[in-house]
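Chain by chain, the residues run as shown.
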Amino acid sequence: MGLGHMETPNGSAAGQSDTCFGAFNASGGRNSTHNSITSPWFSTAFGLIGLCSNLFALCVLLSSSRKLSSRTRSSFLIFLCGLVVTDFMGLLVTASVIIPYHFIKFTWAKVDSSCHLCNFLGFSMVFFGQCPLLLGATMAGERFFGINHPFSRSTSISKRRAWSIVGLVWGFSCLLGLLPVLGLGRYTLQYPGSWCFLTLLPDTGNIIFCLLFALLGIFSVLLSFIFNTVSVVTLCRIYHDRESVQRRRDSEVEMMVQLVGIMIIATICWLPLLIFIVQTVLQQLPAGGRIQVLPVNTQTMLLIYIRMVTWNQILDPWVYILFRRAVLQRIYPSLRPRPSIVSLYP
């Protein structure tokens with residue numbers, strides 16, 4: 001997700017509180033700081049960098065997957081491939097709406113009076129935002145069971161099953177993104193008027209959907225942290241065992257380094273936004289339905305946090321590009337192919 005940072009739309013729709021317009025006052029004054037925050041050039045540059053980064057990572061992943069015979073590593077690469085494809089498509093879809101808006105400068109309320117485009121963009125922001133978090137938790141869970149319970153499965157996850165799991169994550173995120181279209185909450189145009197997202201106004205449907213989106217994201221991040229922490233501790237304990245110190249498995253180390261990198265990036269980029277959504281919704285509960293327009297500070301902070309989330313899609317592919325064994329061996333030459341993690345257990 002995340003290129004929604006362009007200029008204010010041509011006109012105000014603040015009175016249309018029952019549609020996708022009116023969550024912010026487009027005619028409200030903004031100072032020079034706000035204008036710098038909404039500069040379109042940063043968004044355009046970040047979008048292009050993110051698209052190129054993900055495309056490059058996808059090419060490297062496809063090349064690596066053809067050379068592998070290990071099922072464990074192959075399934076992990078499939079999860080990584082699903083993550084890279086999700087990030088790439090998220091940037092591509094949002095950019096295809098927002099960049100034309102910047103150059104054409106159309107009046108959103110006139111072009112999309114029925115809110116179909118806004119609903120599509122809002123769905124895209126939620127879908128492509130939630131998918132990486134769920135995929136990160138799924139990858140962490142798969143490595144947790146693979147490292148801590150290597151004999152609990154007769155065989156490693158096949159490529160077909162790995163793609164099925166990725167498909168389930170996509171399907172679940174799709175259902176979540178469709179909830180406003182089905183009546184739970186709604187997507188609205190956000191400041192500065194170039195992107196749509198869930199609505200932080202205090203009515204029952206919006207509150208439920210906002211909390212569902214934010215708490216699910218927070219749960220995914222925490223689950224990834226727990227799984228990855230236990231997996232890293234297990235690897236450290238096994239590798240320091242005197243009987244297995246000479247039989248390290250660099251492949252597991254490589255995968256865990258990449259997972260920890262993905263988790264750290266997701267935590268830094270996503271937690272501020274998710275916590276902000278929860279805080280904003282809960283603080284507005286006493287106001288009931290009296291608040292019809294988001295405060296200026298809330299609009300600005302939401303935009304800043306969305307920009308932070310954009311960095312998640314830019315940095316994710318570089319975790320794999322930079323933390324592959326081929327790269328790590330140049331930094332740490334003693335890394336060499338060794339037996340599987342299963343052989344580390346007595």
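Residues numbered from 1 in each chain as written. Predicted model: local features only at pLDDT ≥ 70, side-chain atom pairs only at ≥ 80, totals over all residues. Heavy atoms only, no water.

### Section: the overall build of the protein chain
- Looking only at helices and strands, the protein chain has ten helices and two strands in total.
- The order of α-helices and β-strands along the protein chain, N terminus first, is α-α-α-α-α-α-β-β-α-α-α-α.
- Within the span of the protein chain, comprising 346 residues, buried residues form 53% of the whole.
- For the protein chain, the accessible surface area stands at approximately 15400 Å², while carbon and sulfur atoms represent 67% of it. (Helix = DSSP H or I, 4+ residues; strand = E, 2+ residues; numbered from the N terminus. Buried < 20%, exposed > 50% of the residue type's maximum accessible area, 1.4 Å probe, protein only. Areas by Shrake-Rupley, 256 points an atom, 1.4 Å probe, with all protein chains shown as cover.)

### Details of a nonpolar patch on the surface
- Taken together, the side chains of Phe56, Val257, Trp318, Leu322 and Phe323 make up a nonpolar region of the molecular surface, amounting to roughly 420 Å² of accessible area.
- Assignment of secondary structure puts Trp318 in helix H9 (residues 296–322).
- Trp318 gets classed as partly exposed once you look at its relative accessible area, which sits at 33%. (Patch = residues over 30% accessible without salt bridge, like charges linked within 9 Å, V, L, I, M, F, W, Y side chains within 5 Å. Salt bridge = Lys/Arg side-chain N within 4 Å of Asp/Glu carboxyl O.)

### Focus on the state of the cysteines
- Scanning all chains against the criterion turns up one disulfide.
- The side chain of Cys118 participates in a disulfide bridge whose partner is Cys196; the two sulfur atoms lie 2.0 Å from each other. Torsion about the S-S bond of the Cys118 and Cys196 cystine: about -115°, corresponding to left-handed handedness. With Cys118 in helix H5 (residues 116–148) and Cys196 in strand S2 (residues 195–198), the pair connects residues that are 78 residues apart, well separated along the chain. (Disulfide = S-S within 2.5 Å.)

### Observations concerning the UniProt feature "transmembrane region" (unreviewed entry) in the protein chain
- Per the UniProt entry, the sites bearing "transmembrane region" (unreviewed entry) are residues 41–64, 76–101, 121–141, 162–185, 205–238, 259–282 and 302–323 in this numbering.
- Secondary structure content for residues 162–185 is 88% helix and 0% strand, and the end C-alpha separation is 33 Å.
- The span residues 302–323 shows a helical share of 95% and a strand share of 0%, and its end C-alpha atoms are spaced 32 Å apart. (UniProt positions renumbered as here; feature names shortened; annotations may be inferred.)

### Observations concerning the pattern of salt bridges
- For the structure on display, the rule yields one salt bridge.
- For Glu142, the salt bridge goes to Arg143, with nearest N and O atoms at 3.1 Å. One exposure class covers both Glu142 and Arg143, and it is buried.

### Details of the packing of H5 against helix H6 (residues 159–182)
- Closest axis-to-axis distance for the H5/H6 pair is 8 Å, and the angle between their directions is 145°. Crossing angle aside, the handedness with which H5 passes H6 is right-handed. The segment H5 lies against H6, with Phe123, Val126, Phe127, Gln130, Cys131, Leu134, Leu135 and Thr138 engaging Ile165, Val166, Val169, Trp170, Phe172, Ser173, Cys174, Leu176, Gly177 and Leu178.
- For the contact of H5 with H6, a count of residues per class yields 14 nonpolar, four polar and no charged. (Axes fitted to C-alpha atoms, helices over the stretch in contact; angles between N-to-C directions. Left-handed = near helix turned anticlockwise from the far one by under 90°. Contact = heavy atoms within 4.5 Å. Nonpolar A, V, L, I, M, F, W, Y, C, P; charged D, E, K, R; others polar.)

### Some points on empty space enclosed by the protein
- Throughout the structure, instances matching the rule amount to one cavity of 30 Å³ or more.
- Lining the largest cavity are 16 residues, with Gly136, Ser224, Ile262, Met263 and Ala266 sitting closest to its centre.
- Contributions of two or more residues to the lining of the largest cavity are made by H5, helix H7 (204–239), helix H8 (250–284) and H9.
- Among the elements that take part in the lining of the largest cavity, H8 stands out by supplying five residues, more than any other.
- Along the lines of polarity and charge, the residues of the lining of the largest cavity split into nine nonpolar, six polar and one charged. (1 Å grid on protein atoms, 1.4 Å probe; cavity = no way out; pocket = protein on both sides within 12 Å on 5 of 7 lines; lining within 4 Å. Points joined across faces, edges and corners; volume = space filled by probe spheres on them.)

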